[in-house]
Amino acid sequence: MAKYKIAATGKLLPPAHQRLLEYCDVKIIDKSGKTPAYSQAECLKDAEGLISFANAKIDGELLALAPNLRVVSQVAVGYDNIDIDACTKRGIPVGNTPGVLVDTTADLAFALLLCAARRIHEGWNFVREGNWRPGTSFPFGIDLRGRTLGIVGLGQIGTAVSRRAKAFGMNIIYFDKFRRKDERELGVTYATFDELLGKADCIIVFTQLTAETRGLFSHKEFARMKPTAIFVNAARGPIVDTGALLEALTNNRIAYAALDVTDPEPLPTDHPLLKLPNILITPHIGSATTETRTSMAQLAVDNLLAGLAGKPLPACVNQSVNYK
Ligand code: DGY
């Protein structure tokens, strides 16, 4: 059987890549020049399927280069890099990877919260810089037990974070567009966005990036938070107005931020956020474990192969054009 022609904006982890090669001729759009480089146009002109990673912009202009495209398979749960309407207009289903990264991403978000509360990376810097000597002391952190955690966006990952927070003895309030029917079961209490900002000791953000949530946290929102608040973002950088966060941290309007995502991403190495003492930043590693990235890659291949065969994608963002 002839192989499908596909393009990819990056390389999948080995088991998934091998499976892809059984069925597809793969051209990787490589802008770094490290592997056999194909231009974007060259990769896309015959492509029937596209594997995309979250850092590649998939818009109408790119789709126009791929007249034979029948499926886009994103190797991430978020898909704000893809113009979904443009794909839907062309009848192209878009797959993503929900579910398989929930616990891994929740672990990272909660780890950021713990590091912030117990000043773990500052402690390490203190030791590494030779400041831990007889008689020196290190500033105290705070207990999570008994504190109120505000979760903005109580989807699958937000819920997994709430389970971890419960185990640590926290009270949990949440804000979401949709109120949950299982609040009692989860042990969470609904709050309006404004209430949450004022009541929470720690805030974790887990909303999708949409036109509505872009810049959701700006000057007014940081001003509403407690001056002792710890703010964690492991969702998408542009949900936060970076300038407003910088201002809030510089002037101690909030105590601390721990971020797995930033805007821009990556941050330039001379960015003023990097010079602050009350911030911890990791390089967008929410789902970055070998097991989870492997599962995401396998699900992306499932989605791609289903779309190429004209079958429903197991995880499809634009259901209206998912194959019947
Ligand atoms: C996701 O899957 O959306 C992760 O944030 C990786 O981009």
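Here, residues in each chain are numbered from 1, in the same order as that chain's written sequence. Two thresholds apply to this predicted model, a pLDDT of at least 70 for residue-level local features and 80 or more for giving and counting side-chain atom pairs, whereas whole-chain, interface and lining totals are computed over all residues. The basis for every side-chain value is the complete set of non-hydrogen atoms in the structure, without hydrogens or water.

Enquirer: Looking at this model, I keep getting lost on the overall build of the protein chain. Mind explaining?
Expert: A run of H or I in DSSP becomes a helix once it reaches four residues, and a run of E becomes a strand once it reaches two; helices and strands are each numbered from the N terminus. Looking only at helices and strands, one finds twelve helices and twelve strands in the protein chain. The globule rule used here is 2.2 Å times the number of residues to the 0.38 power, and the radius of gyration it is set against is calculated over C-alpha atoms. A compact globule built from 324 residues should have a C-alpha radius of gyration of about 20 Å, and the protein chain, at 22 Å, falls within 12% of that. Each of the three principal axes of the protein chain carries a C-alpha extent, and together these read 70 × 50 × 30 Å. Looking at the protein chain residue by residue over its 324 residues, the buried ones come to 49%. Partitioning the intrachain contacts of the protein chain with sequence separation of at least 6 by distance along the chain shows that 58% fall at a separation of at least 24. Where accessible areas are quoted, they stem from the Shrake-Rupley method and a 1.4 Å probe; at the residue level, only the protein chains shown are allowed to cover. With an accessible surface of roughly 15,900 Å², the protein chain has 55% of that area assigned to carbon and sulfur atoms. Charged residues are defined here as Lys and Arg on the positive side and Asp and Glu on the negative side; His and the ends of the chain fall outside this count. Throughout, a charge is located at the NZ atom of Lys, the CZ atom of Arg, the CG atom of Asp or the CD atom of Glu. If the 37 positive side-chain charges of the protein chain are averaged to one point and the 33 negative ones to another, these points end up 2 Å apart. For every residue, the accessible area obtained with a 1.4 Å probe (protein chains only) is divided by the maximum for its type, and the residue is called buried under 20%, exposed over 50%, and partly exposed between those limits. Contact definition: two residues touch when any of their heavy atoms are within 4.5 Å.

Enquirer: In this structure, what is going on with the side chain of N233? I would like to understand it.
Expert: Within the fold, N233 resides in strand β10 (residues 230–233). Other than its neighbours up to four places away in sequence, N233 contacts V205, V240, A258, L259, D260 and V261.

Enquirer: What exactly am I supposed to notice about the sheet that holds strand β5 (residues 94–95) here?
Expert: As a general point, the strands of a sheet are linked pairwise by backbone hydrogen bonds and lie either parallel or antiparallel. Note: two strands are recorded as paired if DSSP finds a minimum of 2 bridges between them. One open sheet holds the five strands; their spatial order is β2-β1-β3-β4-β5, and the pairing between them is parallel. Lying at the two open borders of the sheet, with one neighbouring strand each, are β2 (24–28) and β5. Where strand β1 (residues 4–8) and strand β3 (residues 49–52) come together, three bridges link them in parallel fashion. In the strand pairing of β3, A7 is matched with L50. Against the sheet, helix α1 (residues 14–23) makes contact with β1, β2 and β3, and its axis sits at roughly 120° relative to β2, the strand it touches most. For helices, the axis comes from a line fit to the C-alpha atoms of the stretch in contact; other axes are also lines fit to C-alpha atoms, and the angle between any two N-to-C directions lies between 0 and 180 degrees. Seen against the sheet, helix α12 (residues 290–308) touches β1, β2, β3, β4 (71–74) and β5 and runs at an angle of roughly 175° to β4.

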